[in-house]
Amino acid sequence: MRMLSTVMKNLRALCLWPVLALANLSIKISGSTAPLPVLTGPDMAFLGSRAMFQCIAPHSSLPVTYEIIKDGNILIATGTDLQGGQPLVYSLRVALTSEGTYHCQAKTEGGTRISNSTRLSVVTPASNTRVTSDPFPAVVYEGSRLVLSCNVSEGSHLSYTWFFNRKEVTSAAFPLLHNTGNQLVMETVSPDHAGDYYCMAWSRVQDIRRFSSSSEFKVSVKVYILKPTIVFSISKEGTSYRGNVTCWSSRGTPPANFSFLVDDYEVESVKAVSSLSARFSFAMVPGLDMGMARCRVKTEVQDLLSEPLSLEVVPVGGHVTLEVEHLFRADSKLTAAILTCQISRGTFPFVSWLLNDSILPLETHDSHLQLILPHYALTDHRQTLVLTKLGPEEAGYYHCRVRDSYDDSGTWVESTAVLVRATGSRWDWSLFQHLQTRAGVHPGRVTKFFMATTEVISLAFFCFLFLCLAVGLACVYGMLDQKQVLMHFLCLHLHPSQEGGRPLPTP
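So, a few notes on the structure that sits alongside this text. (Residues numbered from 1 in each chain as written. Predicted model: local features only at pLDDT ≥ 70, side-chain atom pairs only at ≥ 80, totals over all residues. Heavy atoms only, no water.)

### Focus on the overall build of the protein chain
Okay, step 1: Secondary structure assignment for the protein chain yields 3 helices and 38 strands.
Okay, step 2: In the protein chain, which comprises 507 residues, the proportion classed as buried is 34%.
Okay, step 3: A fraction of 58% describes how many contacts in the protein chain between residues 6 or more apart in sequence connect residues 24 or more apart.
Okay, step 4: About 31200 Å² of surface is accessible on the protein chain, with carbon and sulfur atoms providing 57% of the total. (Helix = DSSP H or I, 4+ residues; strand = E, 2+ residues; numbered from the N terminus. Buried < 20%, exposed > 50% of the residue type's maximum accessible area, 1.4 Å probe, protein only. Contact = heavy atoms within 4.5 Å. Areas by Shrake-Rupley, 256 points an atom, 1.4 Å probe, with all protein chains shown as cover.)

Here is the structure:
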């Protein structure tokens, strides 16, 4: 009996255990319905600044013990709320090791609850910002590729802004400059890209921005040199002559080496530093062929030759003729004249113009006209004289004379005189004879019949038209006359009774 009662007690105890377990579980479940603690704090903070964290577990049984933990196991701060509604506030001095994930725990008699997590990123402001280039130094030829980089000694979470000649680089303002990361890329450099560049590296935390700017970085763009041009002149010094050769290139970036070649042999060389031109001087003998000259220009990447130029100076001589071309308006009225002085030989001729044996005071400077008299113009190195008005003052005998431009005491070679008359004026035969005598023209070479070219053509055309009309009328008259005779003949044979006619014989 005693053994039976012991067994019954053990069975009762076993039956109570599930009930106690369920009761304990219900207590834990009811306790877990309280809100979880909440951790607030920044997601980014500057190095050396302070980051504020706050942990609170509302509606928790007191006392509440708070703990702020980093990366799951590093205790950062702790505190106890004895009165309720008092969160744990912690000010963290941000260091490089402060970056990580944070959460807090709230401990009560009912257990421990864990808050949400927040990650803090440490932002290091940029410092010691500078610009570098690829290639270096930043001296490149047009068409090359150039990459500028904005580098810092330290910094994180950085953005970059570029400036060109103190203006911010944007895609709208500078479409050929591409801002990629910390680089400014110029795929095809042009002379417009030459100038001063600097960059700004900056980072932002909320509304606070910290930046570091570089010093200005100079970019130089070299322009390829064009094919050189060679020009030759001659001057007289006492009784001797000097040849002067000038070489230049109209486009390019100095410095460059210029060489003077004669028959492909280098005579002299000079380095042009500030300009793209060079001048060479040498002894010269007029009338002697001294060879073919060339200019050669060399840079670090180019080697160019000019076109060949003969160094032979032919003195002025032979025959000089004067040609006149008249210009007419739409109404066929004479309005201007062009006089051309044709020179049979001479490398450097100087042309002088005369009207009625008086020298026309016309001057030129650097092949550009300076007019002393109105209604005159010179072109083609003074060899062409244009009369823009043909009034009484411009009418008369013109002729040209030529000498060597390098010898002021040289002999003149003159053309014969050519008469140019005024527009729409009647010609006075006595005046014509007077001018003829002054110009020294033989009377037999001049005729009294002066007519413009268009008038001659018009007269010839009307004469030809009149002749064609007369011939045509004669032909038509002949055809009509033959037709009338034929009709009369037929009438006589078809009506034999009339006018004594007789019938045609049958075949």
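### Looking at the packing of aromatic side chains
Okay, step 1: Within the structure shown, the criterion is met by 11 aromatic pairs.
Okay, step 2: Note on Tyr241 and Tyr406: the rings are 5.6 Å apart at their centroids and 90 degrees apart in plane angle, and the pair reads as edge-to-face. On the criterion of sequence distance, the pair formed by Tyr241 in strand E21 (residues 240-248) and Tyr406 in the loop between strand E36 (396-404) and strand E37 (413-414) is long-range, its members being 165 residues apart. Just as Tyr241 is buried, Tyr406 falls in that class too.
Okay, step 3: What links up through ring pairs into an aromatic cluster is the set Phe232, Phe260, Phe280, Phe282 and Phe348.
Okay, step 4: Its end group placed over the ring of Trp202, Arg209 keeps NZ or CZ at 4.6 Å from the ring centre.
Okay, step 5: Across from the ring centre of Phe46, 4.4 Å away, lies the NZ or CZ of Arg210, which sits over that ring. (Phe/Tyr/Trp six-rings, centres within 6.5 Å; stacked < 30°, edge-to-face > 60°. Lys NZ or Arg CZ within 6 Å of the ring centre and 35° of its normal.)

### A short note on a nonpolar patch on the surface
Okay, step 1: Together, Phe461, Phe462 and Leu465 make up a nonpolar patch on the protein surface, roughly 340 Å² of accessible area in all.
Okay, step 2: As for its position among the elements, Phe462 is in helix H3 (residues 453-494).
Okay, step 3: The exposure class assigned to Phe462 is exposed, which follows from its relative accessible area of 54%. (Patch = residues over 30% accessible without salt bridge, like charges linked within 9 Å, V, L, I, M, F, W, Y side chains within 5 Å. Salt bridge = Lys/Arg side-chain N within 4 Å of Asp/Glu carboxyl O.)

### Observations regarding the environment of Lys107
Okay, step 1: Considering the arrangement of structural elements, one finds Lys107 in strand E7 (residues 100-108).
Okay, step 2: Separated by 47 residues in sequence, Lys107 and Ser60 have C-alpha atoms that sit 9.2 Å apart.
Okay, step 3: Residue contacts for Lys107: discarding those within four places in its chain leaves Pro63, Val64, Thr65, Glu67 and Thr112.

### Points about the sheet that holds strand E34 (residues 376-379)
Strand pairs in the sheet, formed through backbone hydrogen bonds, run parallel or antiparallel to each other.
Okay, step 1: Strand order in the open sheet formed by 4 strands is E28-E29-E35-E34, and the pairing between neighbours is antiparallel. Across the chains shown, the open sheet's two edge strands, defined by having one partner strand only, are strand E28 (317-328) and E34. Each strand of the sheet is rotated relative to its neighbour by a mean of 15 degrees, with strand direction disregarded.
Okay, step 2: Both strand E29 (residues 334-345) and strand E35 (residues 384-387) contribute to a ladder of 4 bridges, which runs antiparallel. Across the sheet, Thr340 pairs through a bridge with Thr384, a residue of E35. (Pairing = 2+ DSSP bridges. Axes fitted to C-alpha atoms, helices over the stretch in contact; angles between N-to-C directions.)

### Thoughts on the side chain of Gln105
Okay, step 1: Mapped onto the elements, Gln105 comes out in strand E7.
Okay, step 2: Ignoring anything within four residues of it in the chain, the contact list for Gln105 reads Thr65, Tyr66, Glu67, Ile69, Thr112, Arg113 and Ile114.

### What to know about the state of the cysteines
Okay, step 1: All chains considered together, the criterion is met by 4 disulfides.
Okay, step 2: Paired through a disulfide, Cys247 and Cys295 show a sulfur-sulfur distance of 1.4 Å. The disulfide joining Cys247 to Cys295 has a torsion of about -50 degrees about its S-S bond and is therefore left-handed. Placement of Cys247 in strand E21 and of Cys295 in strand E25 (residues 292-298) is noted, with a sequence separation of 48 residues between them. Comparing Cys247 with Cys295 shows no difference in burial state: the two are buried.
Okay, step 3: Along the protein chain, the cysteines that take part in disulfide bonds pair up as 1-2, 3-4, 5-6, 7-8, counted in sequence order. (Disulfide = S-S within 2.5 Å.)

### Let's talk about the side chain of Thr108
Okay, step 1: Along the chain, Thr108 turns up in strand E7.
Okay, step 2: Look at Thr108 and you get buried, because its relative accessible area is 17%.
Okay, step 3: In contact with Thr108, other than residues within four places in its own chain, are Ser60, Ser61, Pro63, Val64 and Arg113.

### A look at the pattern of salt bridges
Okay, step 1: Using the criterion set out here, one finds 12 salt bridges in the structure.
Okay, step 2: Salt-bridge contacts for Arg251 lead to Glu142; the nearest nitrogen and oxygen are separated by 3.1 Å. On the criterion of sequence distance, the pair formed by Arg251 in the loop between E21 and strand E22 (256-262) and Glu142 in the loop between strand E11 (139-141) and strand E12 (146-151) is long-range, its members being 109 residues apart.
Okay, step 3: Among the residues examined, Arg251 registers a relative accessible area of 36% and is labelled partly exposed.

### Brief notes about the pairing of strand E18 (residues 208-213)
Okay, step 1: In this sheet, E18 lies alongside strand E17 (residues 195-205) in antiparallel orientation, the contact comprising 6 bridges. Pairing of Val205 across the sheet is with Ile208, part of E18.
Okay, step 2: Taking the residues between adjacent antiparallel strands as the criterion, E17 and E18 are bridged by 2 residues, where Gln206 takes a positive phi near 55 degrees.

### With respect to the pairing of strand E13 (residues 159-164)
Regular strands have side chains that alternate between both faces of the sheet.
Okay, step 1: In this sheet, E17 lies alongside E13 in antiparallel orientation, the contact comprising 6 bridges. Along E17, the bridge assignment pairs Trp162 with Cys199.
Okay, step 2: Note: E13 against strand E14 (residues 167-168), 2 bridges, orientation antiparallel. Bridge pairing in E14 links Phe164 to Lys167.
Okay, step 3: What sits between E13 and E14 in their antiparallel hairpin is a turn of 2 residues, with Asn165 showing a positive phi close to 50 degrees.

### Concerning the sheet that holds strand E1 (residues 38-40)
Okay, step 1: Taken in spatial order, the 3 strands line up as E1-E3-E6 in an open sheet, and their pairing is antiparallel. A strand with exactly one partner marks an edge of an open sheet, and here the two such strands are E1 and strand E6 (88-93). Ignoring strand direction, the axes of neighbouring strands in this sheet form an average angle of 15 degrees.
Okay, step 2: Of the strand pairs in this sheet, E1 and strand E3 (residues 50-56) are connected by 3 bridges, and their pairing is antiparallel. Each bridged residue has a counterpart across the sheet, and for Thr40 the counterpart in E3 is Gln54.

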